[in-house]
Amino acid sequence: MNMSYFKAPVLAWKKVKRLLLLSFLVTTNNVFANDLTVDSVSLSEAIQRTLANNPQLTAFKYKQKRLDGELATAGLKPEYNVSAELENFAGTGDVSGFSDAELTLSISSVVELGDKVNSRKLYVNAQQQAIAVEKRIQTLDILGEVAARYIDVLTLQQIMLVNENAEKLARETYQTVSKKVRVGSAPSSEQKRADAALATARLKTLTISKQLEASVRKLAIMWGEQSPQFSRVSGDLFALPKTISLEYIMAQLSQSPHILAYAEQSRIQQAQLQSINAQSHANITWSAGVKRLEGSNETALVAGISVPLFTSDRNRGSYQSQKAKLDEVEQQRKASERAIYSQLATFYAAQEEARLTVETLQTSIIPPQESALSLVQKAYSDGRFSYLELVSVQKELIEMQYALIFAASEVHKQSASIESLSGIPLISSGNTESQLSSFIEN
């Protein structure tokens, strides 16, 4: 958003602070309300609604059901087969009829060696764990987008408050200039300029109102609400997230879902490697039954076994290929870890820079600008300063007020990016983190 777009006649910063205090008493950690027609929603409410109504997250439930079915199949032992075989009948000569026929009834199955059942179940279990981590990554990414859109709405609300008061001040300035023109202490051109400034402020208020409406819609669509039942969000843009050192974030990075995803991929590859090892152990096919000898009117037992040869040699290539995949995943993990370190360092530096900007503007820049404006306003009323000088000081202060809003917004957005990448809650409340954990587990 371009700061120059919001240049407008000034308002006293103390007036703004009083209005902001009244408008943002509710913090982002409010408990979710069941009534969906409320005028505003908090961040935790937006998160809970998104968790309950986002189809991308709902899809994981069906992925889990699919793997549950595969796990049930993987635990099955080899089936039993029943066979019947009739010999020496309907031929020629002595075997032209059934008098010398031989009927064999048998049952057969396979004895799996090498713990193949457990290796199959281990592979499916590894996939289930990987799905859980994938779900957490997807959830954090979506909630990061929710937080970004929520911050956009909160930022525009602040801008609206500033511009509404700027419009009010422009109206007061126009009235003051009009009085000076009537008594002849100011040229009529100043009145026209003040009139144009007031019209500009009105236009900007209307434009920001449209932007705010669009921003609210973008937030509501995250949980499928095409016609938002709220018109604003609750929260304090200047209540900055808690400060956590970069060293602490890096130390906790091993628990980041983006890193854990590679650990789960390694488990999958290891399970496949174990399955290949299990396949190196030959299965024994056995059969047993009874034979009826019609010619001698006797019966006999039959039995047999079958064992394939050289199965370990046939699996050697598959083993080498799978081992290479496992080593490849480990190298990918190391590369990803370094990339995440770099991203986090960038996000953290941007956050700290914006935080410093907020603190400096609040303590060292805006207060002197307020004092300067008061002096210039009085001097203009006394006829010692020109209209141009008054407008110049007004613009300087209003630019600083917008700079403060954008810097505070940047702190929140960078914190949301850090939280999404590391999994460490910075802008989410403890209640939200509990909701998230429960959602991932279910």
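Thresholds, definitions, all that
- Residues numbered from 1 in each chain as written.
- Predicted model: local features only at pLDDT ≥ 70, side-chain atom pairs only at ≥ 80, totals over all residues.
- Heavy atoms only, no water.
- Helix = DSSP H or I, 4+ residues; strand = E, 2+ residues; numbered from the N terminus.
- Buried < 20%, exposed > 50% of the residue type's maximum accessible area, 1.4 Å probe, protein only.
- Contact = heavy atoms within 4.5 Å.
- Areas by Shrake-Rupley, 256 points an atom, 1.4 Å probe, with all protein chains shown as cover.
- Core = buried A, V, L, I, M, F, W, Y, C linked by side-chain atoms within 4.5 Å.
- Pairing = 2+ DSSP bridges.
- Axes fitted to C-alpha atoms, helices over the stretch in contact; angles between N-to-C directions.
- Polar contact = N/O pair within 3.5 Å; in protein donor to acceptor, adjacent residues only side chain to side chain.
- pLDDT = per-residue confidence, 0-100.
- Phe/Tyr/Trp six-rings, centres within 6.5 Å; stacked < 30°, edge-to-face > 60°.
- Lys NZ or Arg CZ within 6 Å of the ring centre and 35° of its normal.
- Parallel < 35°, antiparallel > 145°, perpendicular 65-115°, else oblique.
- Nonpolar A, V, L, I, M, F, W, Y, C, P; charged D, E, K, R; others polar.
- Salt bridge = Lys/Arg side-chain N within 4 Å of Asp/Glu carboxyl O.

S.K.: Mind laying out the overall build of the chain, listing which residues take part and the relevant values?
M.R.: Counting its secondary structure elements, the chain contains 11 helices and six strands. Per-residue burial over the chain gives 39% buried out of 442 residues. Within the chain, residue pairs in contact and separated by at least 24 positions form 80% of the contacts whose partners lie at least 6 positions apart. On the chain, roughly 23500 Å² of surface is accessible, and the fraction owed to carbon and sulfur atoms is 53%.

S.K.: Describe the nonpolar core, and please don't skip the residues or the numbers.
M.R.: Within the largest apolar cluster, 51 residues are counted, with the highest numbers of intra-cluster contacts made by Leu219, Phe230 and Val233. Of all the elements in the fold, those that place two or more residues in this core are α2 (43-53), α4 (116-182), α5 (188-220), α9 (316-381) and α10 (387-422). Among residues more than four places away in sequence, those in contact with Leu219 are Ala46, Val146, Arg149, Tyr150, Val153, Phe230 and Val233. Core analysis: the next-biggest nonpolar cluster, separate from the first, contains 11 residues, Ile244, Ile340, Tyr348 and Leu421 among them.

S.K.: Provide a residue-level description of the sheet that holds strand β6 (residues 298-306), including the pertinent values.
M.R.: Overall, antiparallel pairing links the four strands, which are arranged β2-β3-β5-β6 in an open sheet. Single-partner strands in this sheet number two, and they are β2 (81-87) and β6. For this sheet the average axis-to-axis angle between neighbouring strands, irrespective of direction, equals 20°. Looking at chain direction, strand β5 (residues 284-293) and β6 are connected through nine bridges and run antiparallel. Its bridge partner being in β6, Ala288 is matched across the sheet by Ala303.

S.K.: Quick rundown of the environment of Asn88? Include the residues and the values.
M.R.: By the element assignment, Asn88 lies in the loop between β2 and β3 (102-111). In this structure the C-alpha to C-alpha distance between Asn88 and Leu103, which are 15 residues apart in sequence, comes to 9.0 Å. Aside from chain neighbours lying at most four places away, what touches Asn88 is Val95, Gly97, Asp100, Ala101 and Glu102. A polar atom in the side chain of Asn88 sits 3.4 Å from the side chain of Glu102.

S.K.: So what's going on with the pairing of β3? Which residues, and what values?
M.R.: Note: β2 against β3, seven bridges, orientation antiparallel. Residue pairing in the sheet places Glu87 in a bridge with Glu102 of β3. Across 10 bridges, the pairing between β3 and β5 is antiparallel. What sits directly across from Leu103, in β5, is Arg292.

S.K.: Please provide a residue-by-residue account of the confidence of the model for the chain, values included.
M.R.: Regions with low pLDDT carry predicted coordinates that are not meant to be interpreted in detail. Of all residues in the chain, 87% have pLDDT values of 70 or greater, and the mean over the chain is 82. Note that residues 1-37 has pLDDT below 50 and, in this model, 94 contacts with residues that lie over four places away or in other chains. In the predicted structure, residues 430-437 sits below a pLDDT of 50 and forms 12 contacts with residues beyond four places in sequence or in another chain.

S.K.: So what's going on with the packing of aromatic side chains? Residues and values would help.
M.R.: Inspection of the entire model under this criterion finds four aromatic pairs. Both rings, one in Tyr402 and one in Phe406, keep their centres 6.4 Å apart while their planes meet at 25°; by these two values the pair is stacked. Separated by four residues within a single helix, Tyr402 and Phe406 lie in helix α10, roughly one turn from each other. Owing to a relative accessible area of 1%, Tyr402 belongs among the buried residues under this scheme. For Phe406, a relative accessible area of 17% corresponds to the buried category. The ring of Phe60 carries Lys63 above its face, with NZ or CZ at 4.6 Å from the centroid. Seen from the ring of Tyr380, Lys180 lies directly overhead, with NZ or CZ sitting 4.9 Å from the centre.

S.K.: Can you explain the packing of α4 against α10? Please cite residues and give values.
M.R.: Remark: α4 packs on α10, axes separated minimally by 9 Å, with the N-to-C direction vectors making an angle of 170°. Relative to α10, the element α4 is oriented roughly antiparallel. Of the residues belonging to the contact of α4 with α10, the class tally is 16 nonpolar, nine polar and four charged.

S.K.: Give a detailed account of the packing of helix α3 (residues 55-74) against α4, specifying residues and quantitative values.
M.R.: Look at α3 against α4: their axes get within 9 Å of each other, and the N-to-C directions meet at 175°. Between α3 and α4, the crossing angle belongs to the class labelled roughly antiparallel. For the contact of α3 with α4, the per-class residue count stands at nine nonpolar, seven polar and seven charged.

S.K.: Outline unusual backbone geometry, listing residues and values.
M.R.: Even without being a glycine, Asn88 presents a positive backbone phi close to 55°. With a relative accessible area of 38%, Asn88 lands in the partly exposed category.

S.K.: Got a sec to walk through the pattern of salt bridges? Specific residues and values, please.
M.R.: Overall, the coordinates contain 13 salt bridges when judged by the stated rule. Close ionic contact of Arg149 with Glu145 constitutes a salt bridge, the shortest N to O distance being 2.7 Å. Of this pair, Arg149 and Glu145 both sit in helix α4, four residues apart, which is roughly one turn of the helix. Under the relative-accessibility criterion, Arg149 is labelled buried at 18%. Residue classification places Glu145 among the partly exposed positions, given a relative accessible area of 35%. The shortest N-O distance in the salt bridge between Lys323 and Asp327 comes to 3.3 Å. Of the two residues, Lys323 and Asp327 are both situated in helix α9; the distance of four residues between them amounts to about one turn of the helix. Overlapping salt bridges bring together Glu87, Glu102 and Lys291 as one network.

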